[in-house]
Amino acid sequence: MPVYHAETCKMKDKYVNNQADLEYYFEQYPNLLCIVGGDGLLKKINPAVQNLLGYSDEELFNSPIDDFIHPDDREVASHVRTAQVNSEHFAEYDNRLLTKDGKTVWLSWSSVFIERDQVFFSIAKDITSKKKEEEQSHIISILNRLGEEQKARFSQEIAFINPEIHPEVPDFRWLGLNETLAVADQKWMEKFETLVRKHAGTANLNLKFLSAEMAMSERQVYRYIDRIVSMTPKKLITMVQMHMVWEMISKGKEHSPAALGRMAGFSSTSRFKKMFYNIYGIDVTALL
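Per chain, the residues get numbers from 1 upward, laid out in the order the sequence is written. With pLDDT at 70 or above as the cut-off, local features in this predicted model cover only qualifying residues; side-chain atom pairs require 80 or more to be listed or tallied, and sums for whole chains, interfaces and linings still use all residues. Hydrogens and waters are ignored; side-chain quantities use all the structure's heavy atoms.

## Comments concerning the overall build of the protein
Per the convention used, a helix needs a DSSP run of H or I reaching at least four residues, while a strand needs a run of E reaching at least two, with both numbered from the N terminus. A tally of regular secondary structure across the protein gives 13 helices and 5 strands. The cut-offs for exposure are 20% and 50% of the maximum accessible area for each residue type, with area from a 1.4 Å probe on protein chains only; residues under the lower value are buried, those over the upper are exposed, and the others partly exposed. In the protein, buried positions account for 40% of the 288 residues. Two residues form a contact once any of their heavy atoms are found within 4.5 Å. Partitioning the intrachain contacts of the protein with sequence separation of at least 6 by distance along the chain shows that 48% fall at a separation of at least 24. All accessibility values rest on the Shrake-Rupley procedure with a 1.4 Å probe; residue burial counts only the protein chains present in the view. As displayed, the protein has an accessible area near 17000 Å², and 52% of this comes from carbon and sulfur atoms.

Printed below as a string of structure tokens:
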């Protein structure tokens, strides 16, 4: 009996030590480790998460994980989680997260749904540098197809899609503005652009609709836009739509003029292609 008791104690000590080792390994692991509950809240993370994103423990554990995901990637992330719960317990995918200082980081995820505990255990690797290299290669291939006259005609958009020329900053230089906007004008323009982006594919995207959403009269909106960017509302809407098109082109996300046109709110592909050509002097198909 004493021998059996001694062996049992050894096994227990070994188990406790192994548990401590696992916790140590969890803390030391260089990539991001996350346990997310079915309620969308983080339950456990390793230091790599905080080191990369810059949020405090309180911010990370008291906000849904979707709050940290790039708005354009939230729907995909939600679909992945739903698929995992319903049938596919394991998933691999890439998405973007937002750091506390406003930067965007790309992560490659491997995630498994633990049915017993109703949680997602996920490992993520920072692939931001890889994504930037891929985008740069794609951008270079685009620029190689353009003539000098065409480059000159849309130099602002080239600056936007080339991060070495135009770093990720919250301004509107892609509109051709030479000076940074005042804080109040910056916020107003961001609100206007967000509305255009949100409703870009709808038929009612016009001054009347946007004025109502901005809680301003049509005359006020017209005057604001004219003062800030010296454009008509219609032209600014078109510029935002085309800016969205350039985002898709520069990242290689769309390969169809029809898809790009629909995303930008054009019901007619031929009209979209004509508009793109009139602004930039090149057939959009040549860039895809």
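## With respect to empty space enclosed by the protein
Space inside and on the surface of the protein is sampled on a 1 Å grid over the protein atoms alone, with a cavity defined as a set of points where a 1.4 Å probe fits but cannot get out and a pocket as an open set with protein on both sides within 12 Å along at least 5 of 7 lines; lining residues have an atom within 4 Å of a point. Grid points are joined across faces, edges and corners, and a volume is the space filled by probe spheres set on the points. For the structure on display, the rule yields 3 cavities of 30 Å³ or more. By volume, the largest cavity amounts to about 130 Å³. Contributing to the lining of the largest cavity are 13 residues, with Val36, Ile65, Arg81, Tyr93 and Ser122 lying nearest its centre. Contributing elements (two or more residues each) for the lining of the largest cavity: helix 4 (74-86), strand 3 (90-98), strand 4 (104-114) and strand 5 (119-126). If you trace the second largest cavity, you find it lined by Leu32, Cys34, Leu42, Val49, Leu53, Ile65, Phe68, Leu97 and Trp109. Counting residues per element, the ones that place at least two in the lining of the second largest cavity are strand 1 (32-37) and helix 2 (47-53).

## Digging into the packing of aromatic side chains
For Phe, Tyr and Trp, where Trp contributes only its six-membered ring, two rings pair if their centres lie within 6.5 Å, and the inter-plane angle classes them as stacked under 30 degrees, edge-to-face over 60, or tilted in between. A full pass over the atoms with the stated rule returns 8 aromatic pairs. Summarising the aromatic geometry, the rings of Tyr93 and Trp109 are spaced 6.4 Å apart at their centres and angled 15° between planes, so their arrangement reads as stacked. Within this pair, whereas Tyr93 is found in strand 3, its partner Trp109 is found in strand 4, the two being separated by 16 residues in sequence. In terms of burial, Tyr93 and Trp109 fall into one category: buried. Ring centres of Trp188 and Tyr224 lie 4.9 Å apart, and the angle between their planes is 25°; this geometry places the pair in the stacked category. Linking Trp188 in helix 8 (residues 183-198) with Tyr224 in helix 10 (residues 218-229), this pair joins segments that are 36 residues apart in sequence. Residue classification places Tyr224 among the partly exposed positions, given a relative accessible area of 32%. Ring-over charges, as used throughout, are those where CZ of Arg or NZ of Lys falls within 6 Å of the ring centre and within 35 degrees of the ring normal. It is Lys44 that lies over the ring of Phe26; its NZ or CZ is 5.0 Å from the centre. One residue, Arg227, lies across the ring of Tyr224, its end atom 5.4 Å from the ring centre.

## Quick notes on the sheet that holds strand 3
The 5 strands are arranged 2-1-5-4-3 in an open sheet whose pairing can be described as antiparallel. Bordering the open sheet on either side are strand 2 (42-45) and strand 3, each of which pairs with just one other strand. Direction aside, neighbouring strands of the sheet carry axes that sit 30° apart on average. At least two DSSP bridges between two strands are needed for those strands to be called paired. With 6 bridges joining them, strand 1 and strand 5 adopt antiparallel strand pairing. When the bridges of strand 5 are listed, Val36 appears paired with Phe120. Axis definition: a line fit to C-alpha positions, over the contact stretch in the case of helices; interaxial angles, taken between N-to-C directions, run 0 to 180 degrees. Its contacts with the sheet place helix 4 against strand 3, strand 4 and strand 5, and it is angled at close to 155° to strand 3.

## Some words on the layout of surface pockets
Computed from the structure, the second largest pocket encloses a volume of approximately 320 Å³. Taken together, 17 residues line the second largest pocket, and the ones lying closest to its centre are Leu205, Ile237, Thr238, Gln241 and Arg271. Listing elements by their share of the lining of the second largest pocket, those giving two or more residues are helix 11 (233-250) and helix 13 (269-280). Looking at which element gives the most residues to the lining of the second largest pocket, the answer is helix 11, with 5 residues. Of the residues assigned to the lining of the second largest pocket, the class counts are 9 nonpolar, 6 polar and 2 charged. Under the scheme applied, nonpolar residues are Ala, Val, Leu, Ile, Met, Phe, Trp, Tyr, Cys and Pro; charged residues are Asp, Glu, Lys and Arg; polar residues are all the others, including Gly.

## Side note on the environment of Ser110
Tracing the backbone shows Ser110 in strand 4. Considering only alpha carbons, one finds Ser110 and Ala124, 14 residues apart in sequence, at a separation of 6.4 Å. Other than its neighbours up to four places away in sequence, Ser110 contacts Phe90, Ala91, Glu92, Phe121, Ser122 and Ile123.

## Focus: helix 13
Between the first and last C-alpha of helix 13 there are 16 Å, a value that for 12 residues agrees with the 16 Å anticipated at 1.5 Å per step. Every buried residue of helix 13 is listed here: Phe272, Phe276 and Tyr280. Down the axis, helix 13 shows its buried residues gathered within 40° of arc, on one side only. Those residues of helix 13 that are exposed and aimed more than 90 degrees away from the buried face are Ser270 and Lys274. Downstream of helix 13 by one or two residues, Gly281 has phi in the positive range, about 75°. What a helix should span is 1.5 Å times the count of its residues minus one. Note that the arc is defined by the directions from the helix axis to the C-beta atoms.

None of this, on its own, says anything about what the molecule does.
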